[in-house]
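In case you want the letters, here they are:
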Amino acid sequence: MPILGQNQYGKAENRVVRVTRDGATHHIKDLNVSVSLSGDMDEVHYSGSNANVLPTDTTKNTVYAFAKEHGIDSAEQFGIHLARHFVTSQQPIHRARIRIEEYAWERIENSGEGTHSFVRKGQETRLAQITYDGEQWEVVSGLKDLVVMNSTNSEFWGYVKDKYTTLPEAYDRILATEVSGRWRFNWTDDEQEMPDWETSYEQVRKHMLQAFAETYSLSLQQTLYAMGARIIDHRDEIDEVRFSLPNKHHFLVDLEPFGLKNDTADGAVYFAADRPYGLIEATVLRDGCEAHIPVDLSNL
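Residues numbered from 1 in each chain as written. Predicted model: local features only at pLDDT ≥ 70, side-chain atom pairs only at ≥ 80, totals over all residues. Heavy atoms only, no water.

### Some thoughts on the packing of helix 2 (residues 56-69) against helix 3 (residues 75-89)
Reasoning step 1: Interaxial distance between helix 2 and helix 3 falls to 11 Å at its minimum, and their mutual angle equals 130°. Put simply, helix 2 runs oblique to helix 3. Crossing geometry of helix 2 relative to helix 3 is assigned as right-handed. Here helix 2 contributes Thr59, Thr62, Val63, Phe66 and Ala67 to the contact with helix 3, which in turn contributes Phe78, His81, Leu82, His85 and Phe86. (Axes fitted to C-alpha atoms, helices over the stretch in contact; angles between N-to-C directions. Helix = DSSP H or I, 4+ residues; strand = E, 2+ residues; numbered from the N terminus. Parallel < 35°, antiparallel > 145°, perpendicular 65-115°, else oblique. Left-handed = near helix turned anticlockwise from the far one by under 90°. Contact = heavy atoms within 4.5 Å.)

Given below as structure tokens:
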């Protein structure tokens, strides 16, 4: 007889926007929340009995109710409230995983009364995943779609060459990538002091960008390690960082047919290729720690 394996269910992509009014000044939290629950769910698969099933519509309603009742201090804190609720209020549920995307809004300063006008920020999407089993927490934060570029201070040479190699060595090139990153906190139980989630995100992002900007790069792999190592060195609450970095290639355009020299020293013209692209991925760990973030970030 076939045996049921790992299973989970929930409500995905609940879009919730919370407006907090501080007099005439408003604050926006804009989240996309996905709830996934697992536990004693064998019977619903085998016989169709829903006796242990909390409807996914109820999980949706809980997201909106909690946004009002608890507010949204941070994506991580909101996810912690939800995960704790589902595991402690429903006996059949043994594990809750909350995934959150946060979309940032920037205030538009104006001369009118109040500050309630916003423009959507387009630099990156903030991410959080909170998992709780009734005893242990795992909090993984991150971001995606953060596009960065160094217009110099990057080289690529000395690599293996065979009969299929056509790429010329580069001693002054553009280095650009679209950062997808995750970082795991060492906060795992309620006895520990909880990190300041908002400050942590701001500081991780700052160190990530500073490492990218300050590293004279001989390879994107070297830059990736520098970014992760700087986070580990400066943020004690984080034990693991994983990046997926597509190399957004910029190739020098051949302008010799037009009698033009396209030299980087003079300011060059490049062709920005969207595909195919090199894809560089790696995990950076605090010494003595084990990796938990999935190798394939899409499995988070």
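And the narrative resumes.
### Observations regarding the packing of aromatic side chains
Reasoning step 1: Taken as a whole and judged by the stated rule, the model has seven aromatic pairs.
Reasoning step 2: On the numbers, 4.9 Å between centres and 85° between planes, the contact of phenylalanine 185 with tryptophan 197 is edge-to-face. Linking phenylalanine 185 in strand 8 (residues 175-185) with tryptophan 197 in helix 4 (residues 197-214), this pair joins segments that are 12 residues apart in sequence.
Reasoning step 3: Here phenylalanine 185 falls in the buried class, since its relative accessible area comes to 2%.
Reasoning step 4: For tryptophan 197, a relative accessible area of 4% gives the class buried. (Phe/Tyr/Trp six-rings, centres within 6.5 Å; stacked < 30°, edge-to-face > 60°. Buried < 20%, exposed > 50% of the residue type's maximum accessible area, 1.4 Å probe, protein only.)

### Observations regarding the environment of leucine 146
Reasoning step 1: With respect to the helices and strands, the residue leucine 146 is situated in strand 7 (residues 137-150).
Reasoning step 2: For leucine 146 and threonine 125, which are 21 residues apart along the polypeptide, the C-alpha to C-alpha distance reads 7.7 Å.
Reasoning step 3: Not counting residues within four places of it along the chain, the set of residues in contact with leucine 146 comprises Gln123, Glu124, Thr177, Glu178, Val179, Arg205, Met208 and Leu209.

### Some remarks on a nonpolar patch on the surface
Reasoning step 1: There is a patch of nonpolar side chains on the surface, built from Trp157, Tyr171, Tyr216 and Leu218 and spanning about 440 Å² of accessible area.
Reasoning step 2: In this structure, tyrosine 216 sits in the loop between helix 4 and helix 5 (220-234). (Patch = residues over 30% accessible without salt bridge, like charges linked within 9 Å, V, L, I, M, F, W, Y side chains within 5 Å. Areas by Shrake-Rupley, 256 points an atom, 1.4 Å probe, with all protein chains shown as cover. Salt bridge = Lys/Arg side-chain N within 4 Å of Asp/Glu carboxyl O.)

### Some words on the sheet that holds strand 9 (residues 238-247)
Reasoning step 1: On the basis of which strands lie adjacent, the open sheet formed by eight strands has the order 1-2-3-6-7-8-9-12 and antiparallel pairing. Every interior strand has two partners, whereas the edge strands, strand 1 (14-22) and strand 12 (278-285), have only one. Within the sheet, the average angular offset between the axes of one strand and its neighbour, ignoring direction, is 20°.
Reasoning step 2: The strands that helix 2 touches are strand 1 and strand 2 (25-39); relative to strand 1, the one it contacts most, it runs at about 10°. (Pairing = 2+ DSSP bridges.)

### What to know about the side chain of glutamate 237
Reasoning step 1: Looking at the secondary structure, you find glutamate 237 in the loop between helix 5 and strand 9.
Reasoning step 2: What makes glutamate 237 buried here is its relative accessible area of 13%.
Reasoning step 3: Side-chain polar atoms of glutamate 237 contact the side chain of arginine 235, separated by 3.0 Å.
Reasoning step 4: Apart from residues no more than four positions distant in its own chain, glutamate 237 is found in contact with Arg184, Phe185, Asn186, Pro195 and Ser200. (Polar contact = N/O pair within 3.5 Å; in protein donor to acceptor, adjacent residues only side chain to side chain.)

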